[in-house]
Structures are given as C-alpha cells and as structure tokens.
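# Overview (structure and organization)
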There are 2 protein chains.
Amino acid sequence: MAYTPSGKTREKIYDFVRERILSGIPPTTRDVQRAFGFRAVQSARQHLEKLVSEGKLAKVDGRSRGYRLPEFGKARPPQLIAMLGRVQAGELTEAMEDPPEYIMVQTRFDDDELFALAVEGESMLHAGILPGDIVIVRRQATASPGDIVVALVGDEATVKRYRERDGRVELHPENEAFSPIIPREDGAPFSLLGKVIEVRRSVE
Amino acid sequence: MAYTPSGKTREKIYDFVRERILSGIPPTTRDVQRAFGFRAVQSARQHLEKLVSEGKLAKVDGRSRGYRLPEFGKARPPQLIAMLGRVQAGELTEAMEDPPEYIMVQTRFDDDELFALAVEGESMLHAGILPGDIVIVRRQATASPGDIVVALVGDEATVKRYRERDGRVELHPENEAFSPIIPREDGAPFSLLGKVIEVRRSVE
DNA sequence: CCATAAAACAGACATTTGTCTGTTATGTCA
DNA sequence: TGACATAACAGACAAATGTCTGTTTTATGG
C-alpha cells in the first residue's frame, strides 16, 4: 500500500473497525489487512494496536476478533425484544407479520421480561403517546399510582395511567374524549400486563 | 456433561449464543463447549449446526465466531450516535458529560449525518414531544413543510414544526402558550440543523 | 424390550488468526 | 540535508478456532 501521511490511514482504519463492530462482528487483523490492501499483517496490526493505546479502541488480547468499542464497555449491552401484536385469548402473542419484528433497546432489565407494542388509540395523547408510537413494556403484575401501564381489558390491550381510588384500581386515559376504566365495576375482565418504560416514535 | 432430553440443552445453547451476539461478540465453538461443560468440541458444534439448520441461527462458514442472528441479516445494523448538548458559538457541541453519551439507533441514514438531542422546552407538547425527550435528528439544511426540525435560533437550539407562508420560513410550536418564530422578520440569526426522525422517552 | 434417534465423547487435522522479529521505505521537522 | 519517527513489508511461529471421522451412552416411541 502507498505510504500515507501520519495518522491518515489510521483514521480510516478506525472508521472501518467501528463500522464492522457496530454491524455485529469485529474484524480480524487480516480483515483489516485485506480491506486496506496491506501486504503485511503487521501493518494492520500496528495501526490497530496504536488505536488501542490511544484509547480509541479496546481489546481482548489473544482472542480472535478481540477489538471492541470502548463505549460498549460502560454502556449496557443492546437487547433485541419482540414486537407483540394482536390479542388472542387473553394473551398478547407475537405479531403475525412474516419477518418477526424486533426492536433494539438498552435497559437494566432482562430482555425476557420486556416486550414492545404499537399503540393504537389516542387515549394517551396528553401524555405524549400518539397512535403508532412504540411502547417498550416491562412485564409486571402490579404497578404504582402514576405509572403508565399496559392492561388487558376484555380482549384489548390498552395503554393507560394507573391510579388507585379508595383502594380500587382505575385506569385513566390522558384525553378528555375518553373515560377512565374502572375494573370490577363494569365487570370487564382485567389484567395488568406491564409497565411502560420507554416510548418511541418514528417520524420519517 | 449429563445427557439431557431432546432439544433441552439446545434451547439453552441458543439463549447463550443469542445473548453473546447481542453483547457484541459471537462465541466460538469452544466458548460454547466450556460454557456447557462438554468434554468434546463436537458436542457444542452439533448443537450449533442443528440450530443453523433449524434457521434459529445464521452462520458464516469457516470464519471464527461465525454465528449470527438471522434477524440481523435483514434488519438494519445498529448505529451508535452521539448525544449533543449545550449550544456554543452557533454550533452544537458534544455534551460535556464525562462519559460521552451514545444512543443506539437503527435507520437507513449514515450515522455521521445523525445526532441526538435532549428536548428542553414544552413548545412541542401537542406534537407529543415532552421536555426530557430525546430526539434523533438527521442533519440537513432544508426541510419540507410539516417536518419537525431542529433549528438554531440565536444561541439556542429549538424543536419546531417547519412551515412556509408566502415563501417565507416559519417555525411553529405546537402549544398555544408559545408563538411562532418568523426568522428575518425579527432579525434573529437562523439556521436549520436538521430534521427530527425519531423521538424517544424514558419513563422509568 | 427393542430399534432408532439424539446426545455426548474422543482424538485428530486444517485453517484462521494473533503475535513476533527484523528490515525497508517514506514522511516530518529542524 | 540529515536525524528521527512513522508507515509499510517479509516471513515465520504459535495459539485459537473450525471441522472431521468414528465411538459410546442415553433418550424416545412403539
């Protein structure tokens, strides 16, 4: 490879490695060698080690594909959670779309206690939750007053704010056009699916 | 390792591999072997290959750490983008927090044309954007009417809806308590930083 | 209980990959 | 221009890792 000014190639190598790591798998030394047309492995290695000593990359010695992004060390690992869909026999089931949709999140919870859901109504408009928004939910059977929760009322999953009045559970919308749901009183079967921990909206 | 009923161990292996892939680096055959106490590499390999033929895992043959999640193939690769903060001399600069904050997103855009920003005011309340929300922004100098944009007005970055009236640009809040910003008219320096493509809110 | 499939084991080989020592060529800067 | 640092090259070794053939043990279903 042609000789390049100090640090120039290294920057490109950093970009390359970063890209690869984010795409899922760190490159090997020889991946870098080939990608940059080096005729010696050492050329790639030298740059990589320098990037490590500069703190721009982290590394696990001796292991294959041992290069990491330093940020990743501190950050919580990403989790892939399933988008749930239609309600079926009192249970939310995986959406029937052919390619099962997954969403990447980073939380302190286990990914098997999380699921995602597309919001349908406008009942939580004033809480900043719009139709089409994706809510990330942590499964739990209880909630504290003020929590935004997902509950199964009859056959439908709804997002509401959890309240208690006189020791009874109430599910409040945040939109004057809708009425609170007071379980037991109107005889509707009721079960708490979980608590909303994140809201996402794509506005492309 | 003790003999286990059909498919039992395989499930655990799948969970293990999945976990490792999401944490950043796929395991090696021998990683799996050790993790499950197999006394032969082949035991691990057999399970892994089976998972591949079942379609639960994908694989790049011959390469080290070649196991992938099939979803990843179709999905867009995750990107790490920087959280920007304070406004300085007309430019948004990286937030000064000690560990630079990054957010993981998946878009069709290049990560170097994206940045993230914490929303401060309440001016976009009715658009479902609350104080504290994180907006993901794509850098662009122009916008279409109806877009939600981030603009630098004076020394402050604001989120507003982009409108045009009589050929002039207007930045509209979505909250009656705030007034539209009409650049040029009131002489405020104005520059469009980009368009909001995603909104996120953590509600733990 | 038997036949069959699945799980686990044994041991080995080949490739990939990390690492090393030393050399040559090109930038950098006074 | 000359001294020095950096970039790139050469060739090799060793460890990590993927892969293979064959055998033994246990689960499974009639």
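Because the structure is a prediction, the values reported are computed rather than measured.

### Section: the protein's contact with DNA strand D
Lining the immediate environment of DNA strand D, one finds 34 residues, of which Met1(A), His47(A), Thr29(B), Arg30(B) and Lys59(B) sit closest. For DNA strand D, the backbone makes up 64% of the atoms found within 4 Å of the protein, where backbone means sugar plus phosphate. At 2.7 Å, a side-chain N or O of His47(A) approaches a phosphate oxygen of DNA strand D. In this structure, a base oxygen belonging to DNA strand D sits 3.4 Å away from a side-chain N or O atom of Tyr3(B). Elements with a minimum of two residues in the surface near DNA strand D: helix H1 (8–22) and helix H3 (41–53) of chain A together with helix H2 (29–36) and helix H3 (41–53) of chain B. When its residues are assigned to classes, the surface near DNA strand D shows eight nonpolar, 16 polar and 10 charged.

### Here's the deal with H3(A)
Residues and elements named next belong to chain A. Helix length check: H3 (13 residues) gives 18 Å between terminal C-alpha atoms against 18 Å at 1.5 Å per residue, within 8%. Among the residues making up H3, those that are buried are Ala44, His47, Leu48 and Leu51. Mapping the buried residues of H3 onto a view down its axis gives an arc of 95°, with all of them on the same face. Of the residues in H3, the exposed ones pointing more than 90 degrees away from the buried face are Gln46 and Ser53.

### Quick look at the interface of chain A and chain B
Interfaces are often sized by the amount of accessible area the parts lose when they come together. Listed by partner, the interface residues are 38 residues for chain A and 39 residues for chain B. When the buried area of chain A at its contact with chain B is split by residue, Met104(A), Arg201(A) and Glu204(A) rank highest and sum to 18% of it. Counting across the interface, chain A meets chain B through 11 residue pairs in polar contact (both at pLDDT 80 or more). Of all the elements in the fold, those that place two or more residues in the side of chain A that touches chain B are H1, helix H4 (70–74), strand E3 (79–88), strand E5 (102–105) and strand E11 (190–202) of chain A. In terms of residues, the side of chain A that touches chain B owes the most to one element, E11(A), which gives eight residues. Of the residues belonging to the side of chain A that touches chain B, the class tally is 18 nonpolar, seven polar and 13 charged. Two elements, E11(A) and strand E11 (residues 190–202) of chain B, share five bridges in a ladder whose sense is antiparallel. Paired with Glu198(A) across the strands is Ser202(B), a residue of E11(B).

### Quick look at the environment of Ala118(B)
Residues and elements named next belong to chain B. With respect to the helices and strands, Ala118 occurs in strand E6 (residues 114–118). Counting along the chain gives 16 residues from Ala118 to Ile134, while the straight-line C-alpha distance between them is 4.6 Å. Those residues in contact with Ala118 that lie beyond four places of it in its chain are Met83, Asp133 and Ile134.

Quick notes on the rules
Residues numbered from 1 in each chain as written. Chains lettered and ligands numbered in written order. Predicted model: local features only at pLDDT ≥ 70, side-chain atom pairs only at ≥ 80, totals over all residues. Heavy atoms only, no water. Near = heavy atom within 4 Å. Polar contact = N/O pair within 3.5 Å; in protein donor to acceptor, adjacent residues only side chain to side chain. Helix = DSSP H or I, 4+ residues; strand = E, 2+ residues; numbered from the N terminus. Nonpolar A, V, L, I, M, F, W, Y, C, P; charged D, E, K, R; others polar. Expected span 1.5 Å × (residues − 1). Buried < 20%, exposed > 50% of the residue type's maximum accessible area, 1.4 Å probe, protein only. Arc of directions from axis to C-beta. Contact = heavy atoms within 4.5 Å. Buried area = accessible area lost by both parts, 1.4 Å probe. Pairing = 2+ DSSP bridges.

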